[in-house]
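Listed here are the chains, written in short residue letters.
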Amino acid sequence: MNKKKDIRTYYSSEEFLAIQQAYQHVLDAIKIDIDADDRALIQKAYELAVISHVSQRRKSGEPYVMHPIEVARICVEEMGLGPVAITCALLHDVVEDTPVTLEEIEAQFNPQIAKIVDGLTKLDGSYKTDSPQAENFKKVLSTLVEDVRVVLVKMADRLHNMRTLGAMPRHKQLRIAAETSYIFAPLAHRLGLYNVKTEFEELCMRVTDTEIYFDIAQKLEETQKDRNKYIETFIKALKENLKDLEYPFRITGRPKSIYSIWNKLKTKKVGFDEIYDKFAIRLVIDVPPEKEKAACWQVYSSITNDFRPIPERIRDWISVPKANGYESLHTTVIGPQGKFVEIQIRSERMDEIAERGFAAHWKYKGINTASGNYEIWLDNVREILESPSNDAVEFLNDFKTNLFDEEIYVFTPKGEMKILPKGATALDFAFSIHSEVGCQAKAIKVNNKLVPMGFKLKNGDQVQVITSKTQKPSENWLKVVVTGRARSKIRWAMKEERRKIGLFGKETLQRKFKNLKLDYEENVEFLVSHFGYQSRVDLFYDIASEKFNLSTELKAFDISAGRLVEKPKESPLTETSTQKEKDSTKEKQEKYRTKSDILINGEPANTYQYQLATCCSPVYGDPIFAYLTAGGGIKIHRTGCPNATNLMAKYGYRVMKANWVSNPNASFVANLLITGVDDGPGVVESIMNKISTQLRLNIRGLSIDSGEGYFEGKISIYVSSTDQLKEAINGILQIETVSSVTRVK
Ligand code: MN
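The model shown is predicted, which means the values in this text are computed figures rather than measured ones.

Asks: For the overall build of the chain, give the residues involved together with the corresponding values.
Replies: Along the backbone of the chain there are 30 helices and 22 strands. The burial tally for the chain puts 47% of its 745 residues in the buried class. Here the chain displays about 38200 Å² of accessible surface, and carbon together with sulfur accounts for 49% of that area.

In structure tokens:
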């Protein structure tokens, strides 16, 4: 690389100034003392980044180097990371996007930095895999277990990309948002990076559910003033209450995230007002670590003298921190005007851990009881990585179920505590003790009672595993465990078992080949590929267990010069099978839409075979995208479809842009959930009447459940567009007994 390249010929003087200012901002944000060597390292990384990215620009048009500089700023300013992370952030795209090699990074910087940059560099496209996204993620995590800064810089990188997503084409926005909500948001949560997690969720929602996002944002803004006023009054009262506290403290109001409001609206089925009426504040005490616990409870006791607490709403994460390190004391009290106010009480140290999670973990290693939990978690990640399955998609699934969104605490008979993800079973517990205990689990007792292996554990359960040397894991076990540790151990044990049994099959095969004077290596490979086996072990296993009858199967071949060759085939298709084939083609044709009412990548979709996905049933007017399925067909999903998020996160390269073409004859199925007051037999009739007679829409299906004066009905109707659907929803809402109508998937 020519270092003398004059960067001024590539940038306008304004751009050049902006780059320098952005970099100065990074330096200014470093609040800790760093020595001259570290300063020189950062400076060198900056210079290399500027020169290497000189000819690149971002989609928005700005110089590319602004991106690594901004990622470095997030690392230092928002995550509180140090010089190594800043250096790596500046270099994170250099190897991936420019001719600079890892070897050069190692020579110019040091092996540690080269290692982190390597972890941040995507695998090149030539890597043969079903899901490059999953492979890349696996790579990031393999480096994570060696140096956690990899994943923290990766988070900062993703955060900046999400913040600047607007410049990307729509289908890319969707893919990136899906990946973010599928992997990065839960990972941020697991690492205790709450602010990052919240921002990820909001930015994703803005892409996939734009309309609701701005709707809630607007409602929030409208009510902002009143809420601020209320919080101010309450904080004033609290300060008065705590004026005799011997430690300094600060109180802040906590804004609600748009995403969390949306979630509450969806799950709790309550109105906006009810949600907006809840307040949350945070009280942080500046107290030395050895006195913090007592100080938090002192504050609690003082507050609850003046404000009545709601007993079931107390959360003590101080005595038992969450697995991700979170420590805090939460209580909800009844404030002025009878409104609920949640108060989070914590020390400055706890607050830093709550804000910075994993990043702060290193600072407080030893003081914080939760740092041990991170070590356990990292061990789990390591274990999943070492699992014998090399399938990255499987790895991703295992990893996701083990992010421990929520955890439960259970105990061994000796009272030792184990932390498991919510939903973990008795068998998961056995594997959490030791893989041998898991593999040999014969019976399990929970609170002294025998339970099935798949028994779902609850907080506080005491679990005892009874083992037997003759026990062996089976395929069924995979269905009753949820932890990656248990899954990978079971798979591994089963593989071992198959391999052992397979040895007999291998011997049988060797004998047979010897008798027939067949070359072993060549003909084994032939059989494996001819019968479509995944591996030799699978073939050996089937021979040993007599699922594959060697003598019969070999009769189908001729032998020529020591090799098996296929015999010439007779007419293979019988009358019935041809008929069957014809029928299935006809079915297929009916299933696929032929009229072109969609453009895929700008072309009429009838050049492809495509279907509207039944999971989300898109209707003309919905924001949509096209997804190329593994079978080769195309499915059209709504952008907010949860299935689609999963697919896009793993196979984002299969996502294509799709647009509707107006087609007055088109009709789509929409599913509605209707709830209301059941005041007699007229309910079904009035709904039917409204839809068919007044709105003139066709009904595809209708089912209504009622009881205790309340009904819930599911109805499928045919509509031509989202406008017509809205009209239908509003129409049904006009029926007096109906209280809600929601479109469902
Ligand atoms: Mn980047």
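Asks: Can you tell me about the packing of helix H20 (residues 426-433) against helix H23 (residues 484-515), naming the residues and giving the values?
Replies: Where H20 meets H23, the closest approach of the two axes is 9 Å, and the angle between their N-to-C directions is 80°. Viewed along their axes, H20 and H23 adopt a mutual orientation that is roughly perpendicular. In this structure, H20 contributes Asp 428, Phe 431 and Ser 432 to the contact, and H23 contributes Arg 485, Ala 486, Lys 489 and Ile 490. For the contact of H20 with H23, a count of residues per class yields 3 nonpolar, 1 polar and 3 charged.

Asks: Describe the nonpolar core, listing the residues and the values that go with them.
Replies: Judged by nonpolar contacts, the single largest core of 84 residues is most densely connected at Ile 69, Leu 90, Leu 91, Ile 105, Ile 113, Met 155 and Phe 200. If you tally residues by element for this core, the top one is helix H10 (residues 170-190), at 10 residues. Sequence-distant contacts of Ile 105, that is, excluding residues within four places in its chain, are made with Leu 48, Leu 91, Val 94, Val 95, Val 100, Asn 110, Ile 113 and Ala 114. Judged by nonpolar contacts, the second largest core, of 33 residues, contains Met 656, Phe 711, Leu 725 and Ala 728.

Asks: Before we move on, can you summarise the coordination of the manganese ion with the specific residues and values?
Replies: Six octahedral donors around a metal ideally sit at 90 or 180 degrees from one another, while four tetrahedral donors ideally sit at 109.5 degrees. Only His 67 (NE2), His 92 (NE2), Asp 93 (OD) and Asp 157 (OD) from the protein reach the manganese ion as donors, at distances of 2.2 to 2.5 Å. Look at where the donors of the manganese ion fall in the sequence and you get H-x24-H-D-x63-D.

Asks: Give a description of the pairing of strand S8 (residues 441-446) that names residues and reports values.
Replies: Where S8 meets strand S10 (residues 463-467), 5 bridges bridge the pair, whose relative direction is antiparallel. Considered in S10, the bridge of Ala 443 is made with Ile 466. The antiparallel pairing of S8 with strand S9 (residues 449-451) creates a hairpin that spans 2 residues between the two strands, and Asn 447 there sits at a positive phi of about 45°.

Asks: I'd love a proper account of H23, names of residues and values included.
Replies: Owing to its 3.6 residues per turn, the α-helix aligns residues three or four sequence positions apart on the same side. Taking 1.5 Å per residue as the helical rise, H23 with its 32 residues ought to reach 46 Å, and the 46 Å between its terminal C-alpha atoms agrees with that figure. The axis of H23 is deflected most strongly, by about 30°, at Gly 502. All of the buried residues in H23 are Gly 484, Ala 486, Ser 488, Ile 490, Arg 491, Ala 493, Met 494, Gly 502, Gly 505, Leu 509 and Phe 513. Looking at the residues trailing H23, positive phi occurs at Lys 517, about 55°.

Asks: Go over the pattern of salt bridges with me, naming the residues and quoting the values.
Replies: Enumeration according to the criterion identifies 23 salt bridges in this entry. Across the pair Glu 496 and Arg 499 runs a salt bridge whose closest N-O atoms are separated by 3.2 Å. One end of the pair, Glu 496, and the other, Arg 499, are both in helix H23, 3 residues apart, so they sit about a helical turn from each other. Residue Arg 499 is classed as partly exposed on the basis of its relative accessible area of 39%. A salt bridge links Asp 622 to Arg 638; the nearest nitrogen and oxygen atoms lie 3.8 Å apart. One end of the pair, Asp 622, is in the loop between strand S15 (610-612) and strand S16 (624-628); the other, Arg 638, is in strand S17 (residues 634-638), with 16 residues separating them in the sequence. The two residues Asp 622 and Arg 638 agree in class, both being buried. Salt bridges linked by common partners bring Glu 70, Arg 73, Glu 77, Glu 78, Arg 163 and Glu 199 together as one network.

Asks: So what's going on with the sheet that holds strand S20 (residues 699-707)? Residues and values would help.
Replies: Read from one edge of the open sheet, 4 strands run S20-S21-S19-S22, paired in antiparallel fashion. The outermost strands of the open sheet, each flanked by one partner alone, are S20 and strand S22 (738-744). On average, adjacent strands in this sheet sit at an angle of 20° to one another, irrespective of strand direction. One ladder, built from 10 bridges, connects strand S19 (residues 668-677) with strand S21 (residues 710-719); its direction is antiparallel. By the bridge assignment, Asn 671 is partnered in S21 with Ser 716. Against the sheet, helix H29 (residues 682-694) makes contact with S19, S20 and S21, and its axis sits at roughly 155° relative to S20, the strand it touches most. Strands S19, S21 and S22 of the sheet are contacted by helix H30 (residues 722-733), whose axis makes an angle of about 155° with S22.

Asks: Any details on the confidence of the model for the chain? Residues and values, ideally.
Replies: Within the chain, residue pLDDT values average 81, and 85% of them lie at 70 or more. Confidence over residues 571-594 falls short of pLDDT 50; this stretch has 10 contacts with residues more than four positions distant or in other chains.

Asks: Tell me about the packing of aromatic side chains, and please be specific about residues and values.
Replies: Counting across every chain of the model gives 15 aromatic pairs. Between Phe 431 and Trp 477 the ring centres are 6.4 Å apart and the planes differ by 80°, which places this aromatic pair in the edge-to-face class. You can see Phe 431 sitting in helix H20 and its partner Trp 477 sitting in helix H22 (residues 477-480), a full 46 residues away along the chain. Its relative accessible area of 0% is what places Phe 431 among the buried residues. The buried category is assigned to Trp 477, whose relative accessible area is 8%. Geometrically, the ring pair formed by Phe 531 and Phe 557 is edge-to-face, given 6.3 Å between the ring centres and 85° between the ring planes.

Asks: Got a sec to walk through unusual backbone geometry? Specific residues and values, please.
Replies: Most peptide bonds are trans, and most residues other than glycine sit at a negative phi. One non-glycine residue, Asn 447, adopts positive backbone phi at about 45°. Mapped onto the secondary structure, Asn 447 falls in the loop between S8 and S9.

Asks: Any chance you could break down a positive patch on the surface for me, citing the residues and the numbers?
Replies: The grouping of Lys 264, Lys 268, Lys 278, Arg 313 and Arg 315 at the surface amounts to a positive patch. Mapped onto the elements of the fold, Arg 313 is located in the loop between helix H15 (292-306) and strand S3 (315-316). For Arg 313, a relative accessible area of 32% puts it in the partly exposed group.

Definitions and limits used
Residues numbered from 1 in each chain as written. Predicted model: local features only at pLDDT ≥ 70, side-chain atom pairs only at ≥ 80, totals over all residues. Heavy atoms only, no water. Helix = DSSP H or I, 4+ residues; strand = E, 2+ residues; numbered from the N terminus. Buried < 20%, exposed > 50% of the residue type's maximum accessible area, 1.4 Å probe, protein only. Areas by Shrake-Rupley, 256 points an atom, 1.4 Å probe, with all protein chains shown as cover. Axes fitted to C-alpha atoms, helices over the stretch in contact; angles between N-to-C directions. Parallel < 35°, antiparallel > 145°, perpendicular 65-115°, else oblique. Contact = heavy atoms within 4.5 Å. Nonpolar A, V, L, I, M, F, W, Y, C, P; charged D, E, K, R; others polar. Core = buried A, V, L, I, M, F, W, Y, C linked by side-chain atoms within 4.5 Å. Donors = N, O, S within 2.8 Å, 3.2 Å for Na, K, Ca; no water. Pairing = 2+ DSSP bridges. Expected span 1.5 Å × (residues − 1). Bend = angle between axes of the 7 residues up to and from the residue. Salt bridge = Lys/Arg side-chain N within 4 Å of Asp/Glu carboxyl O. pLDDT = per-residue confidence, 0-100. Phe/Tyr/Trp six-rings, centres within 6.5 Å; stacked < 30°, edge-to-face > 60°. Patch = residues over 30% accessible without salt bridge, like charges linked within 9 Å, V, L, I, M, F, W, Y side chains within 5 Å. Lys, Arg positive; Asp, Glu negative; His and termini not counted. Charge placed at Lys NZ, Arg CZ, Asp CG, Glu CD.

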